[in-house]
Amino acid sequence: MKKKSNSSPLLEVSHLEKSFSDKLILDDINLELKPGKIYGLLGKNGAGKSTLIKTINTLIIPDSGKILFKNRPLGPSSKAEIAYLPERTYLDLSTTIKYNLDLFSSFYKNFDRKKAVEMLHSLDLDENMKLKKMSKGMQEKLQLILVMSRKASLYILDEPLGGVDPATRDFILDTILTNFADGSSVLISTHLISDIERILDEVIFLNHGKITLTGSADYLREKHQKSIDQIFRETFKC
Amino acid sequence: MLTKLLKLNFLWVNKFALYFGGGALILGLASRLTTDLTSVVGIIIHNTLQSLAISAVIGLVANVLARSFVHFKNTLIRDEAYLHRTLPVEPSVHWNTHTLSFFFSMLICLVAVLGVLALLFLKGEVWETIKTLLESHVSTIVFLLLTLIFEVTTLGLSVFSATILGRRTHKHRNLATGLYAIVFYLGAQILLLGLAFILSQLFPSFANIFNATSDMPFLDVVKNFQNFFILSGIFYALYSIALYFLGKRSLEKGVDVE
């Protein structure tokens, strides 16, 4: 899975905290993502995975802590280099596929329209089709195609496998693996470990807003003599 | 980036404006053409067309207002915020886009409203009065138009700023948004009336606005309101500027999505 890698961090999160209505959702999160790796952000529902991802994408404002992307605070330059797939449909359903291709082309210099169109054609999707005429699954695939057609430095995918059938899961994983740019990193959040384990280089376990375990997937498997899925099940046993 | 976003925003907000505005103008024109019909059926047709033209123009303003507020919340707080707020632009660009889009949309609405009203009512005695007003009270008319433009801008910026400030509170965010909007908008009206009252105590000529009666000639009423329109035009412009910076600063500080 590994692509080109060097030691300076792509993303640094330090002492990040966030609470909603007096409930601590992120508790002193410290994290470093390096280039050229696929990270799995693993945790049960409600562990704080989406909150952490939204905070990295400046959609949620932290109570305290710092996030740096390539040693610079988050802003338009980091947004230009981070390709983010949220866990929901974020496109205007009254628009067409072409409208969204135009939107991505005009705002992201690193958007490869040709690649996106090729992937859309492989799914037999017509560019003039309105999003509201598409099934939810197809809307999700379109979003994934738009995101993965960017030559980004960091891809952040929030629960890309949630609620989809096994065939779609394969499509999603293949799309991710074959399209992320050389030297870039991927952060995938999920609680469906078994489907994703094979592609992960590094894992980050998040529980009750705290990072409880991080490390190389190979190292953890060797150390515990178990799969990541088994380690996850033992760590988060109810 | 501002131009690109502004174009997207403006087109979304005004998606149905052409239907409402065009419909209102056609109905207004048809009503005008049927003015001289004297038969009962003719009068019914004329009055129906007039009512429909007025309904269409109200629909135009209501639709543009509603779509502006919905789009603001959708793209900065709700689902579409996940796309818009991760575009490589500063938060101030989003704020400026919505503000400018609202301002220009409302300007177009004002032109459409005035156009339809002119088609419906600009004739005979009304036309003579307007001509006299244009000859002797141009500045009053200019300040009346400025008052209208900036009063509507105040409404828009009250809702935009309230949406951001309400969302920044820790609890009861929807309630806070509603309260902020009421306080900002009603606050402007109360402040303006208070100012007018204070000025009327200081300057006797300003007190005329409180002395105008319904039996006074129209031009005298306009004359009495001249100073008030100057005050209100300037007041709403300054109030809009204050709300603009308040909302912009709050958005730059950051706001959580839903």
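Cut-off values and rules
- Residues numbered from 1 in each chain as written.
- Chains lettered and ligands numbered in written order.
- Predicted model: local features only at pLDDT ≥ 70, side-chain atom pairs only at ≥ 80, totals over all residues.
- Heavy atoms only, no water.
- Helix = DSSP H or I, 4+ residues; strand = E, 2+ residues; numbered from the N terminus.
- Pairing = 2+ DSSP bridges.
- Axes fitted to C-alpha atoms, helices over the stretch in contact; angles between N-to-C directions.
- Contact = heavy atoms within 4.5 Å.
- Phe/Tyr/Trp six-rings, centres within 6.5 Å; stacked < 30°, edge-to-face > 60°.
- Buried < 20%, exposed > 50% of the residue type's maximum accessible area, 1.4 Å probe, protein only.
- Lys NZ or Arg CZ within 6 Å of the ring centre and 35° of its normal.

## Details of unusual backbone geometry
Residue and element names in this part refer to chain A. Although it is not a glycine, aspartate 124 sits at a positive phi angle of roughly 60°. By the element assignment, aspartate 124 lies in the loop between helix H4 (113-122) and helix H5 (136-148). Of note, glutamine 225 is a non-glycine position whose phi angle comes to about 55°, a positive value. Turning to its location among the elements, glutamine 225 is positioned in the loop between helix H8 (217-224) and helix H9 (228-235).

## Some remarks on the sheet that holds strand S10 (residues 210-216) of chain A
All names here are of chain A. As summarised here, the arrangement of the six strands in space is S6-S7-S8-S3-S9-S10, forming an open sheet in which the pairing is mixed. In the strand order of this sheet, the two ends are held by strand S6 (82-85) and S10, each with one partner. Pairwise comparison of adjacent strand axes, ignoring direction, gives a mean angle of 15° for this sheet. As defined by bridge partners, strand S3 (residues 38-42) adjoins strand S8 (residues 185-190) across five bridges and the pair is classed as parallel. Its bridge partner being in S8, leucine 42 is matched across the sheet by threonine 190. Lying over the sheet, H9 contacts S3, strand S9 (202-207) and S10, oriented at roughly 15° with respect to S9.

## Description of the packing of aromatic side chains
Taken as a whole and judged by the stated rule, the model has 20 aromatic pairs over all chains. When the centroid spacing of 5.8 Å and the interplanar angle of 85° are considered together, the rings of phenylalanine 205 of chain A and phenylalanine 232 of chain A count as edge-to-face. Here the residue phenylalanine 205 of chain A occupies a position in strand S9, and phenylalanine 232 of chain A occupies one in helix H9, the gap between them amounting to 27 residues. Measuring from centroid to centroid gives 5.6 Å for phenylalanine 235 of chain B and tyrosine 236 of chain B, while their planes differ by 70°, and the two rings are edge-to-face. Here tyrosine 236 of chain B falls in the buried class, since its relative accessible area comes to 4%. Grouped by ring-pair contacts, the aromatic residues Phe69, Phe72, Trp95, Phe102 and Phe160 of chain B constitute a single cluster. In this structure, lysine 141 of chain A packs its charged tip against the face of phenylalanine 171 of chain A, placed 5.3 Å from the ring centre. A cation sits over an aromatic face here: arginine 150 of chain A above tyrosine 108 of chain A, 3.6 Å from the ring centre.

In short, geometric facts, not functional conclusions.
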